[in-house]
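The chain contents come next:
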Amino acid sequence: MKRLTSTPASDGFHMPGEFEPHAGCWMLWPERPDNWRLGAKPAQAAFVEVARAISRFEPLTVGVSAAQYDNAVNLLPDAVRVVELSNNDSWVRDCGPTFVRNDATREIRAVDWVFNAWGGLYDGLYFPWDKDDEVARKICEIERVASYRAEGFVLEGGSIHSDGEGTLYTTEECLLSPGRNPELTKEQIEEKLGSYLGIEKIIWLKGGIYLDETNGHVDNICCVAQPGTVLLAWTDDENDPQYAISKENYDILKGSTDARGREIQVIKLPLPAPICITAEESQGVDAVDGTLPRCEGDRLAASYVNFYTANGGLVVPSFDDPNDEVAVEVLQGVFPGREVAVVPAREILLGGGNIHCITQQQPA
Ligand code: KQY
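Here is what the cut-offs are and how they apply
- Residues numbered from 1 in each chain as written.
- Predicted model: local features only at pLDDT ≥ 70, side-chain atom pairs only at ≥ 80, totals over all residues.
- Heavy atoms only, no water.
- Helix = DSSP H or I, 4+ residues; strand = E, 2+ residues; numbered from the N terminus.
- Rg over C-alpha atoms; globule rule 2.2 N^0.38 Å.
- Contact = heavy atoms within 4.5 Å.
- Areas by Shrake-Rupley, 256 points an atom, 1.4 Å probe, with all protein chains shown as cover.
- Lys, Arg positive; Asp, Glu negative; His and termini not counted.
- Charge placed at Lys NZ, Arg CZ, Asp CG, Glu CD.
- Buried < 20%, exposed > 50% of the residue type's maximum accessible area, 1.4 Å probe, protein only.
- Pairing = 2+ DSSP bridges.
- Near = heavy atom within 4 Å.
- Polar contact = N/O pair within 3.5 Å; in protein donor to acceptor, adjacent residues only side chain to side chain.
- Nonpolar A, V, L, I, M, F, W, Y, C, P; charged D, E, K, R; others polar.

**Comments concerning the overall build of the chain**
Right, so step 1: Scanning the chain for helices and strands turns up 11 helices and 17 strands.
Right, so step 2: Taken over C-alpha atoms, the radius of gyration comes to 19 Å for the chain, in line with the 21 Å a tight globule of 364 residues would show.
Right, so step 3: A separation threshold of at least 6 residues defines the contact pool for the chain, and within that pool the share at least 24 residues apart is 76%.
Right, so step 4: Taken as a whole, the chain presents about 13,900 Å² of accessible surface, with 49% of it coming from carbon and sulfur.
Right, so step 5: Both charge centroids of the chain, one from 31 positive and one from 57 negative side chains, sit 6 Å from each other.

**Concerning the pairing of strand β9 (residues 167–171)**
Note on strand geometry: in a regular strand, side chains alternate between the two faces of the sheet.
Right, so step 1: When you tally the buried positions in β9, you get five out of five residues, the bulk of the element.
Right, so step 2: Relative to β9, strand β8 (residues 161–162) runs antiparallel, the two sharing two bridges. By the bridge assignment for β9, H161 is matched with Y169.
Right, so step 3: Connecting the antiparallel pair β8 and β9 is a turn made up of four residues, with G164 showing a positive phi of about 75°.

**Concerning the site of the ligand**
Right, so step 1: Every one of the 14 residues lining the ligand counts as a neighbour, but N35, D94, E213, G352 and C357 are closest to it.
Right, so step 2: One of the side-chain nitrogen or oxygen atoms of E213 is found 3.3 Å away from a nitrogen atom of the ligand.
Right, so step 3: A total of 300 Å² of accessible area belongs to the ligand in isolation, and the protein chains cover 99% of it.
Right, so step 4: Here the shell around the ligand is built from residues that sort into four nonpolar, seven polar and three charged.

**As for the side chain of N87**
Right, so step 1: Tracing the backbone shows N87 in the loop between β4 (81–84) and α3 (92–95).
Right, so step 2: Here the side chain of N87 touches L85 through a polar contact of 2.9 Å, landing on its backbone oxygen.
Right, so step 3: Setting aside chain neighbours within four positions, we find N87 in contact with L28, W29, G63, V64, S65, K131, D132 and V135.

Encoded structure:
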């Protein structure tokens with residue numbers, strides 16, 4: 001498929017909101033034993049449940065290495081299309097394409113960002129990441145979608161949320177981190193985002209979830225429910241380091257207007273109580289130089305904000321926490337027409353991720 005040298009904005013394309021209709025969704029199959037405990041078997045079971053939930057609502061494709069192809073086909077529901085696709089790990093939101101749409105023609109194209117495993121040699125999470133960096137192009141080929149390669153510009157899909165009407169939400173902690181585009185100023189990064197995503201205004205939150213290893217991806221702390229309304233991960237515990245981060249973001253949101261001049265309605269989504277890695281969980285992960293270790297007692301970046309918005313549905317993580325039910329109640333109130341599917345997410349969290357970062361929607 002064509003690799004385009006113009007930019008989406010100059011061609012009349014923009015990034016839709018996740019809550020808009022989807023043509024389908026993509027995932028990648030987990031297998032590396034230096035990130036996923038016990039040879040990734042518990043993670044594979046968790047991914048199967050996410051896949052089962054999403055495929056109830058919209059077409060789903062799972063990319064799998066050659067080594068895991070048979071196993072994945074056996075474990076995944078028949079409704080899921082399974083394709084062989086080389087990768088370094090399973091984070092399709094971050095290494096996959098960001099789809100953009102031209103509303104006049106309804107054509108879908110994609111942006112293929114440079115992927116460097118969340119910080120490259122500076123503070124990246126594994127090495128190498130060359131296969132991941134080719135995932136976006138391969139997905140575009142399978143989906144027959146033309147793409148723009150943002151050569152020289154590092155970005156992950158989980159670090160941005162669009163309202164589909166000109167506003168982009170992101171965090172300074174991530175986009176201004178030294179491992180991504182240290183040679184670019186904030187203004188130059190804004191220009192790139194404007195031309196690749198067709199957006200007019202960026203709302204810069206400060207930080208993400210406390211200790212999130214992605215340098216604070218926005219998709220774990222704040223997401224757009226509909227233009228003008230966002231959900232923000234929240235704790236009332238002022239002694240928790242998360243409180244100051246969430247409060248600062250709340251104040252930024254309440255002091256901003258979006259690209260259409262709307263005041264932003266902020267809905268607080270409570271966090272689960274802090275979740276830490278147990279000794280048994282830590283021991284199940286292979287220690288490999290160059291991959292972030294998983295140590296007993298480490299606090300994980302658990303949040304409900306990373307739910308996946310599907311056609312007519314929401315796929316919401318659960319953590320065996322009393323706030324699991326509260327989160328579902330809040331989300332059901334915000335999205336009254338959508339059916340909620342709850343999926344246990346601890347095994348995904350143990351690999352440093354969440355439901356949102358293992359899924360990438362393709363807009364209709
Ligand atoms: O976007 C994400 N949350 C992905 C985290 C990657 C963790 C790699 N071990």
